[in-house]
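Listed below are the residues making up each chain.
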Amino acid sequence: MRTMIESFTAYLRRVFTLYWNIADPKNERAADPHLFLFPQELSPFLPHETTFEEQVVFLLALMPHAAPEVLDPFLIQDPDLKRPYTRFGGWRGDSHTGFLPTGETAVFLLSAGGADKRQEVCRLLGTEHWFHTDHILRCEGQGRGEPFLSGRLILSEEVLSRILYNKEYEPGFSTEFPARRITTSLEWNDLILPYYLREDLEEICHWLSHQQEIREQWELGRWLRPGYRCLFYGPPGTGKTLTATLLGKRIGRPVYRVDLSAVVSKYIGETEKNLSRLFDRAGQHNWILFFDEADALFGTRTEARSSNDRHSNQETAYLLQRIEEFPGTVLLATNLKDNLDEAFFRRFQSALYFPMPDEEARYRLWQGMLPAGWLGGEAEALLRELSRHPLSGGSMVNVLRSCAVRLHAAGQQEATAGLFRNTIEKELEKEGKIVAAQW
């Protein structure tokens with residue numbers, strides 16, 4: 001970092017030396033790019049070999065975050081007009097008192113003492129350059145009808161996180177990224193599912209881990225698109241969210257659960273913008289997107305009898321298109337499969353049903369959940385008794401939490417059959433079920 005700052009500072013000093021026509025004691029040409037071979041420190045943060053111009057623009061955008069005082073020379077004012085120099089460009093932030101560079105600032109730095117570089121800077125900041133396509137750097141914030149290069153130079157949060165904090169960026173929840181990362185301390189072997197469901201999940205894991213190799217080995221790229229789209233459906237509490245989280249953990253990819261309430265907007269066109277930003281960011285980093293309660297956004301389209309109906313159908317159609325084109329992994333979960341649009345299923349490689357656990361599955365779940373010290377000498381009999389009650393995995397976690405709270409409050413270490421009976425009865429009543437049998 002220090003070497004990058006020193007190199008850019010030296011270049012900036014020489015540019016101003018030439019611009020103000022100040023004598024250079026070292027007799028060096030300030031605008032000669034060959035005098036400034038920026039350090040190799042840049043290479044880990046940029047995905048391509050860089051030109052001198054690209055290095056200058058990148059470091060210019062970095063300075064407000066790494067060493068804002070380096071840009072203080074741009075704060076000087078024209079003594080005749082009593083205002084900042086137009087040629088320097090620049091913004092003043094809401095709370096930042098320093099100089100925030102714009103595209104015009106880049107033109108000034110690259111044009112000093114030589115040919116005008118305005119077209120070159122426009123190319124570097126355009127949507128076809130890898131600065132933009134690889135989400136490295138963008139020029140934005142121009143007012144309507146204002147020059148393109150009046151926009152601020154903004155480095156992506158991913159690049160800043162790697163440079164400033166030496167770690168991969170994890171986006172926080174916002175309107176631009178309406179999703180939260182979900183994690184678990186459980187492992188793949190803790191997942192208790194029917195054997196046929198585990199086989200399907202193993203196949204998905206293998207595809208996600210080796211899809212490029214599979215597509216290339218038999219030249220199937222024309223037919224098999226990258227990525228994967230899968231629907232999880234079944235009753236609440238049967239492990240759909242946990243499975244999505246563990247699938248990502250197994251193949252080493254973050255899983256982000258999308259907040260549908262933040263995606264859907266009452267303003268026409270805003271939902272599409274929210275989704276576009278979401279898919280773009282996830283596709284760039286190969287994150288897994290998990291849409292829980294998917295029927296809220298992917299429900300059956302209605303007959304277009306009003307503008308609201310047309311708007312809703314347009315949102316659904318746009319989302320289906322983005323899912324189909326998305327090169328990454330999309331997982332959706334719903335408790336109400338019948339509420340989903342039929343056109344929706346054609347875009348998915350698989351739809352996996354998560355059933356309520358049977359008695360044997362419930363036994364294995366209780367066995368894995370309950371601390372051994374709770375069960376005492378009648379562990380086997382108690383586990384069999386607990387397994388008879390028709391609870392989902394999520395409901396069993398609720399029982400576990402309630403028992404733990406009561407034991408801790410009472411200062412006890414061993415759970416009794418009465419404690420389990422009371423908490424299970426309350427859980428079943430909450431779900432509108434009848435207790436399976438008397439204890």
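Predicted model, so just to flag it, every value in this text is computed and none were measured.

Observations concerning the nonpolar core
Here is step 1: In terms of nonpolar packing, the biggest core is built from 46 residues, with Phe8, Val57, Phe58, Met63, Phe74, Leu109 and Leu137 touching the most fellow members.
Here is step 2: Residue assignment for this core shows that the elements contributing at least two residues are helix H1 (2–19), helix H2 (52–66), helix H3 (103–111), helix H4 (118–124), helix H5 (130–133), strand E3 (137–140), strand E4 (152–155) and helix H6 (157–165).
Here is step 3: For this core, the element with the highest residue contribution is H2, accounting for nine residues.

Re the packing of helix H14 (residues 359–369) against helix H17 (residues 393–410)
Here is step 1: As a packed pair, H14 and H17 sit with axes 11 Å apart at the nearest point and diverge in direction by 35 degrees. Handedness of the crossing formed by H14 with H17: right-handed. Across the interface between the two elements, Arg362, Leu365, Trp366 and Met369 of H14 pack against Gly393, Met396, Val397, Val399 and Leu400 of H17.

Considerations on the pairing of strand E8 (residues 288–291)
Here is step 1: On E8, burial covers both faces: Ile288 and Phe290 on one face and Leu289 and Phe291 on the other are all buried.
Here is step 2: Taken together, the four bridges between strand E7 (residues 255–258) and E8 define a ladder with parallel strand orientation. Bridging from a neighbouring strand, Arg257 pairs with Phe290 of E8.

Focus: the state of the cysteines
Here is step 1: Applying the stated rule across the entire model yields zero disulfides.
Here is step 2: Not part of a disulfide, Cys122 finds its nearest cysteine sulfur in Cys139, a span of 8.5 Å.

Some thoughts on the pattern of salt bridges
Here is step 1: By the definition in use, this model includes 16 salt bridges.
Here is step 2: Notably, a salt bridge pairs Glu385 with Arg388, separated by 2.0 Å at the nearest N-O pair.
Here is step 3: Through salt bridges with shared partners, a single ionic network connects Glu157, Glu158 and Arg281.

Some remarks on the layout of surface pockets
Here is step 1: Considering only enclosed or pocket space, the largest pocket measures out at about 910 Å³ in volume.
Here is step 2: Lining the largest pocket are 36 residues, with Gly237, Thr238, Gly239, Leu242 and Gly393 sitting closest to its centre.
Here is step 3: Secondary-structure elements contributing two or more residues to the lining of the largest pocket are helix H8 (240–251), H14 and H17.
Here is step 4: If you tally residues by element for the lining of the largest pocket, the top one is H14, at six residues.
Here is step 5: By residue class, the composition of the lining of the largest pocket is 15 nonpolar, 13 polar and eight charged.
Here is step 6: Taken together, 21 residues form the lining of the second largest pocket, with His132, His135, Arg138, Glu140 and Arg277 sitting closest to its centre.

Regarding helix H7 (residues 195–217)
Here is step 1: At His210, H7 is bent by approximately 80 degrees, the largest bend along its length.
Here is step 2: Every buried residue of H7 is listed here: Leu197, Leu201, Ile204, Cys205, Trp207, Leu208, Gln211, Ile214 and Arg215.
Here is step 3: Its buried side turned inward, H7 meets strand E6 (228–233), H8, strand E9 (329–334) and strand E10 (350–353).
Here is step 4: Positioned one or two residues after H7, Glu219 has a phi angle of 50 degrees, which is positive.

A look at the side chain of Ser150
Here is step 1: For Ser150, the position within the fold is in the loop between E3 and E4.
Here is step 2: We classify Ser150 as buried; its relative accessible area is 18%.
Here is step 3: Setting aside its immediate chain neighbours within four residues, Ser150 contacts Trp91, Thr102, Glu104 and Gln142.

Quick look at the packing of aromatic side chains
Here is step 1: One pass over the full model with this rule turns up 22 aromatic pairs.
Here is step 2: Between the aromatic rings of Phe16 and Phe88, the centroid separation amounts to 5.6 Å while the plane-to-plane angle is 80 degrees, which identifies the pairing as edge-to-face. Here Phe16 is found in helix H1, whereas its partner Phe88 is found in the loop between strand E2 (83–84) and H3, with 72 residues between them in sequence. Here Phe16 matches Phe88 in class, with each residue buried.
Here is step 3: Ring centres of Trp20 and Tyr85 lie 5.6 Å apart, and the angle between their planes is 70 degrees; on these two criteria the pair is classed as edge-to-face. On the criterion of sequence distance, the pair formed by Trp20 in the loop between H1 and H2 and Tyr85 in the loop between E2 and H3 is long-range, its members being 65 residues apart.
Here is step 4: When its relative accessible area of 34% is taken as the criterion, Trp20 is described as partly exposed.
Here is step 5: Taken together, the ring pairs connect Phe16, Tyr19, Trp20, Phe74, Tyr85, Phe88, Phe99 and Phe108 into an aromatic cluster.
Here is step 6: Over the aromatic face of Phe173 sits the side chain of Arg180, whose NZ or CZ is 3.8 Å from the ring centroid.
Here is step 7: Over the ring of Tyr363 we find Arg384; its NZ or CZ atom is 3.8 Å from the centre of that ring.

Some words on unusual backbone geometry
Here is step 1: Backbone geometry places Lys82, a non-glycine residue, at a positive phi of 55 degrees.
Here is step 2: With respect to the helices and strands, Lys82 occurs in the loop between strand E1 (77–78) and E2.
Here is step 3: Backbone geometry places Glu219, a non-glycine residue, at a positive phi of 50 degrees.
Here is step 4: Locating Glu219 in the fold gives a position in the loop between H7 and E6.
Here is step 5: Relative accessible area serves as the criterion here: at 66%, Glu219 is assigned to the exposed category.

Reading the values: the criteria
Residues numbered from 1 in each chain as written. Predicted model: local features only at pLDDT ≥ 70, side-chain atom pairs only at ≥ 80, totals over all residues. Heavy atoms only, no water. Core = buried A, V, L, I, M, F, W, Y, C linked by side-chain atoms within 4.5 Å. Buried < 20%, exposed > 50% of the residue type's maximum accessible area, 1.4 Å probe, protein only. Helix = DSSP H or I, 4+ residues; strand = E, 2+ residues; numbered from the N terminus. Axes fitted to C-alpha atoms, helices over the stretch in contact; angles between N-to-C directions. Left-handed = near helix turned anticlockwise from the far one by under 90°. Contact = heavy atoms within 4.5 Å. Pairing = 2+ DSSP bridges. Disulfide = S-S within 2.5 Å. Salt bridge = Lys/Arg side-chain N within 4 Å of Asp/Glu carboxyl O. 1 Å grid on protein atoms, 1.4 Å probe; cavity = no way out; pocket = protein on both sides within 12 Å on 5 of 7 lines; lining within 4 Å. Points joined across faces, edges and corners; volume = space filled by probe spheres on them. Nonpolar A, V, L, I, M, F, W, Y, C, P; charged D, E, K, R; others polar. Bend = angle between axes of the 7 residues up to and from the residue. Phe/Tyr/Trp six-rings, centres within 6.5 Å; stacked < 30°, edge-to-face > 60°. Lys NZ or Arg CZ within 6 Å of the ring centre and 35° of its normal.

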